[in-house]
Amino acid sequence: MNLVQEGLALGIPAPDPDAHERPSAARIYRMWFGAEDAVPADQDLARKILNAFPREPAAAKINRSHHLLITETLAARGIAQFLDLGCGYALPRPQGGGDLLFAQNTHDVAQQHWRCATVVYADIDHDVVACQRSLLASAPTASRPTAVLADVTDMAHLLSRLEADGQLTRERPVAVLLHDVLPWIPDDAQAQESVAYLRTWLPPGSALSITHATPDFSPTWVKRVQDVYDDAGIAFRPRDRQSISNLFGDWADLYGGPVRMVPTARHQTRHQFSAVPDYISAAYASVAVKQPTS
Ligand SMILES: C[S@@+](CC[C@H](N)C(=O)[O-])C[C@H]1O[C@@H](n2cnc3c(N)ncnc32)[C@H](O)[C@@H]1O
């Protein structure tokens with residue numbers, strides 16, 4: 001079965017043949033890290049986003065640094081199964097010996113702790129999944145991560161498939177990374193229901209890590225970005241502290257107590273941008289753990 005057929009079987013429509021004539025938020029995110037394969041429509045929208053919020057590339061880098069740090073933190077705490085939902089493209093290696101930090105992918109970090117850590121990448125974008133699969137093809141077979149097409153709004157289908165295929169087991173905790181994905185799901189009820197299903201499905205000891213754009217620190221900048229995406233026909237829904245906090249149900253914070261909502265650059269003390277003003281993060285990061293009683 002090819003990727004298009006896989007998608008159709010999951011209710012994910014085949015990619016539009018003209019998709020490259022329209023901007024893609026996933027490709028634009030990659031541009032902030034130096035990718036040079038953007039199509040003119042991406043470049044045009046990226047320029048408009050920069051006009052609306054010149055710190056957008058910094059916000060993306062803050063998000064990605066957090067992604068790598070929290071993966072390391074969760075692996076160091078003993079979790080050896082990772083589900084990277086809305087994984088996005090692997091990021092480009094800088095030319096000419098620049099900072100290799102962002103060229104790391106989730107499995108590069110997780111497998112530093114657990115050589116055979118299970119890592120499943122999932123995304124709704126055919127091109128993202130195809131690119132991840134082609135990169136992963138050269139990984140050692142025993143620890144090779146998988147990349148699957150999936151719509152996080154159809155969590156039941158995704159999770160039952162991963163379990164049936166033996167890609168994840170509920171016999172051990174799973175770390176789920178939902179980083180900068182839910183803002184692309186504009187329907188509040190759909191976002192809440194998907195994450196609630198995920199929380200119920202996960203075994204105790206599992207962790208849920210979310211980063212989510214918010215207007216809370218800089219309503220004007222964030223509204224401007226939202227308007228730019230709206231004009232381009234891309235739904236982008238930053239949410240406030242309470243709505244994001246609700247995604248965690250009754251789970252406890254990774255560090256104990258109620259779930260903390262922290263500007264992304266300040267969630268992990270080792271974050272390289274931890275001193276920047278919160279409006280540059282423009283997002284919250286939170287990590288919660290499922291208790292035996294949840
Ligand atoms: C900005 S990228 C985030 C990449 C990565 N998670 C990170 O934090 O660096 C957002 C990704 O979410 C994916 N996405 C958007 N809606 C989705 C959905 N309903 N199901 C699965 N993936 C989705 C997009 O295709 C895109 O690759």
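Rules and cut-offs
Residues numbered from 1 in each chain as written. Predicted model: local features only at pLDDT ≥ 70, side-chain atom pairs only at ≥ 80, totals over all residues. Heavy atoms only, no water. Phe/Tyr/Trp six-rings, centres within 6.5 Å; stacked < 30°, edge-to-face > 60°. Helix = DSSP H or I, 4+ residues; strand = E, 2+ residues; numbered from the N terminus. Buried < 20%, exposed > 50% of the residue type's maximum accessible area, 1.4 Å probe, protein only. Expected span 1.5 Å × (residues − 1). Near = heavy atom within 4 Å. Polar contact = N/O pair within 3.5 Å; in protein donor to acceptor, adjacent residues only side chain to side chain. Areas by Shrake-Rupley, 256 points an atom, 1.4 Å probe, with all protein chains shown as cover. 1 Å grid on protein atoms, 1.4 Å probe; cavity = no way out; pocket = protein on both sides within 12 Å on 5 of 7 lines; lining within 4 Å. Points joined across faces, edges and corners; volume = space filled by probe spheres on them. Contact = heavy atoms within 4.5 Å. Nonpolar A, V, L, I, M, F, W, Y, C, P; charged D, E, K, R; others polar. Core = buried A, V, L, I, M, F, W, Y, C linked by side-chain atoms within 4.5 Å. Pairing = 2+ DSSP bridges. Right-handed = clockwise from strand over helix to strand, strands pointing away.

Q: Could you give an account of the packing of aromatic side chains, with specific residues and numbers?
A: In this description, an aromatic ring pair is defined by two values, namely the gap between the centres and the angle between the planes. All chains considered together, the criterion is met by seven aromatic pairs. Arranged with centres 5.1 Å apart and planes meeting at 85 degrees, the rings of Trp-184 and Tyr-229 form a pair that is edge-to-face. Of the two residues, Trp-184 is situated in the loop between β4 (175-179) and α8 (188-201) and Tyr-229 in helix α9 (residues 219-231); the sequence distance between them amounts to 45 residues. Residue classification places Tyr-229 among the buried positions, given a relative accessible area of 4%. Consider the rings of Tyr-229 and Phe-236, whose centres lie 5.2 Å apart with planes at 55 degrees: the pair is tilted. Three or more aromatic residues link up through ring pairs in this structure, and these residues are Tyr-29, Phe-33 and Phe-102.

Q: Quick rundown of helix α4 (residues 56-76)? Include the residues and the values.
A: Given 3.6 residues per helical turn, the α-helix brings residues three or four places apart onto the same face. Taking 1.5 Å of rise per residue, 21 residues should cover 30 Å, and α4 covers 30 Å from first to last C-alpha, within 8% of that figure. Burial analysis of α4 places 17 of its 21 residues in the buried class, which makes it a mostly covered element. The first or second residue beyond α4 is Gly-78, which carries a positive phi of 105 degrees.

Q: Quick rundown of the site of the ligand? Include the residues and the values.
A: Every one of the 18 residues lining the ligand counts as a neighbour, but Tyr-29, Asn-63, Gly-86, Asp-123 and His-179 are closest to it. Within the side chain of Arg-64, one N or O atom sits 2.9 Å away from an oxygen atom of the ligand. Here Gly-86 contributes a backbone N or O atom positioned 2.8 Å from a nitrogen atom of the ligand. Contact with the protein chains hides 93% of the accessible area of the ligand, taken as 600 Å² for the molecule alone. Listed by contribution, the elements that provide at least two residues to the shell around the ligand are α2 (25-31) and α4.

Q: Could you give an account of empty space enclosed by the protein, with specific residues and numbers?
A: In total, this model carries one cavity of 30 Å³ or more according to the counting rule given. What the largest cavity holds in volume is close to 50 Å³. In this structure, the largest cavity is lined by Leu-10, Ile-12, Leu-149, Ala-150, Asp-151, Asp-154, His-157, Leu-158 and Arg-161. Counting residues per element, the lining of the largest cavity draws most heavily on helix α7 (residues 155-164), at three residues.

Q: Account for the side chain of Ser-209, naming residues and giving values.
A: Among the structural elements, Ser-209 can be located in strand β5 (residues 207-213). Overall, the relative accessible area of 0% leaves Ser-209 in the buried class. Reaching out from Ser-209, the side chain makes a polar contact with the side chain of His-179 at a distance of 2.6 Å. Ignoring anything within four residues of it in the chain, the contact list for Ser-209 reads His-66, Ile-70, Val-176, Leu-177, Leu-178, His-179, Ser-286 and Val-287.

Q: Which residues make up the layout of surface pockets, and what are the values?
A: The computed volume of the second largest pocket comes to approximately 310 Å³. Around the second largest pocket sit 15 residues that line it, and Ala-90, Arg-93, Ala-103, Asp-108 and Leu-135 are the ones nearest its centre. At three residues, helix α6 (residues 126-136) tops the list of elements feeding residues into the lining of the second largest pocket. In terms of residue class, the lining of the second largest pocket is built from eight nonpolar, five polar and two charged.

Q: Pulling in residues and values, what's your account of the side chain of Asn-105?
A: Take Asn-105: it is sitting in the loop between β1 (81-85) and α5 (106-113). A relative accessible area of 6% means that Asn-105 is categorised as buried. At a separation of 3.2 Å, a polar atom in the side chain of Asn-105 contacts the side chain of Gln-132. Ignoring sequence-local partners within four residues, the contact set of Asn-105 consists of Arg-64, Leu-68, Ala-90, Tyr-121 and Gln-132.

Q: Give me the lowdown on the nonpolar core, citing residues and values where you can.
A: Grouped together as the largest cluster of nonpolar side chains are 33 residues, with contacts concentrated most on Leu-83, Leu-85, Val-176, Leu-178, Leu-198 and Leu-208. Among the elements of the structure, β1, β2 (118-123), α7, β4, α8, β5 and β8 (283-289) are those that each provide at least two residues to this core. Apart from the residues lying within four places of it in its own chain, the contact partners of Leu-85 are Ala-122, Val-152, Met-155, Leu-158, Val-176, Leu-177, Leu-178, His-179, Val-181 and Leu-198. Counting residues in each nonpolar core, the second largest holds 25 residues, with Leu-3, Ile-79, Ala-117 and Tyr-121 among its members.

Q: Describe the pairing of β4, with residues and values.
A: As a general feature of sheets, a regular strand has side chains that alternate between the two faces. The element β4 is largely enclosed, with a buried count of five among its five residues. Because side chains alternate across β4, one face comprises the buried residues Ala-175, Leu-177 and His-179, and the other comprises Val-176 and Leu-178, equally buried. With three bridges connecting them, β1 and β4 associate as parallel partners. Of the residues in β4, the one forming a bridge with Asp-84 is Leu-177. Across five bridges, β4 lies against β5 in parallel orientation. In the strand pairing of β5, Leu-178 is matched with Ile-210. As for the winding sense of the linkage, the β-α-β connection from β4 through α8 to β5 is right-handed.

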